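Listed here are the chains, written in short residue letters.
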Amino acid sequence: MKNSEYFFFYIRNSSKLTMFIEPGINSERKGWIEVICGSMFSGKTEELIRRLKRAKIANKRVEIFKPTIDVRYDEVNVVSHNANAIRSTPVPHSQNILLLAEGMEVVGIDEAQFLDSELPQVVETLAKKGIRVIIAGLDMDFEGKPFGPMPNLLAVADYITKVHAVCMQCGDIAHFSYRKTSDSTKVLLGEHDTYEPRCRNCFYKH
Ligand code: ZN
């Protein structure tokens, strides 16, 4: 394909490119899976909330879930670091989402890395039912290893957005979560005094 032909192809398919950012908000009922991933303080939850609020504006029936383990700020609300809150339902197991999502058009799941290994299957079932599923989660733990069900969610997702934080050491873009304490529990919920985002160089330097 010559360059000029390629450009034409690009223009003709531009509607599909914009769908990458917000897939068919008003198209026919057809399910899909979006994953928003990244390190701590990268704006994952803010992006999740932004998409869910837009779905509500579009009059979609929206339900938001988070693992019961994440009780940092509030039992019921998905709350991001900038306190931009939206109501959510805590669930102990991913299977609970199947029942609770009945009749919904859009399902949001925050802190998905803390949910169990059945989550990818659950979200596939929801997508097959015609539900738009938007998942936010840490893709790596503090050791730089894939976190919980996230790698499998990324594999089955239709759309993936990786958001970045700013490295607290050098100011570059960051996608690692560096833990500043020696506490060895993986499920340590994050605040600025415990974690800081770092780029790859700074993450492995210390
Ligand atoms: Zn750095």
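Above this text is the structure in question.
Residues numbered from 1 in each chain as written. Predicted model: local features only at pLDDT ≥ 70, side-chain atom pairs only at ≥ 80, totals over all residues.

Engineer: Can you tell me about helix α5 (residues 119-128), naming the residues and giving the values?
Structural biologist: Along α5, the positions that sit buried rather than exposed are Leu119, Pro120, Val122, Val123, Leu126 and Ala127. Relative to the axis of α5, the buried residues are bounded by an arc of 160° and lie together on one face. Structurally, α5 contributes buried residues whose contacts are with β1 (32-38), α4 (95-100), β6 (106-109), β7 (132-138) and α6 (150-156). One or two positions beyond α5, positive phi appears at Gly130, with a value near 100°. (Buried ≥ 20, exposed ≤ 12 C-beta atoms within 10 Å, placed from the backbone. Helix = DSSP H or I, 4+ residues; strand = E, 2+ residues; numbered from the N terminus. Arc of directions from axis to C-beta. Contact = placed C-beta atoms within 7 Å.)

Engineer: With reference to specific residues and values, describe helix α3 (residues 44-57).
Structural biologist: Counted at 1.5 Å a residue, the expected span for α3 with its 14 residues is 20 Å, and the 20 Å between its end C-alpha atoms agrees. Looking only at α3, the buried set comprises Lys44, Thr45, Leu48, Ile49, Arg51, Leu52 and Ala55. The buried residues of α3 occupy an angular sector of 165° when the element is viewed end-on, so they sit on one face. Looking one or two residues past α3, Asn59 carries a phi angle of roughly 65°, positive in sign. (Expected span 1.5 Å × (residues − 1).)

Engineer: Explain the sheet that holds β7 to me, and be specific about the residues and the numbers.
Structural biologist: With parallel pairing, six strands are arranged side by side in an open sheet as β5-β2-β6-β7-β1-β8. In the strand order of this sheet, the two ends are held by β5 (89-91) and β8 (159-163), each with one partner. Averaged over all neighbouring strand pairs, the angle between strand axes comes to 20°, with direction disregarded. Across four bridges, the pairing between strand β2 (residues 62-67) and β6 is parallel. Across the sheet, Ile64 pairs through a bridge with Gly108, a residue of β6. Along the sheet face, α3 touches β1, β2, β6, β7 and β8 and points at about 165° away from the line of β7. Of the strands in this sheet, β1, β6 and β7 are in contact with α5, which crosses β7 at around 155°. (Pairing = 2+ DSSP bridges. Axes fitted to C-alpha atoms, helices over the stretch in contact; angles between N-to-C directions.)

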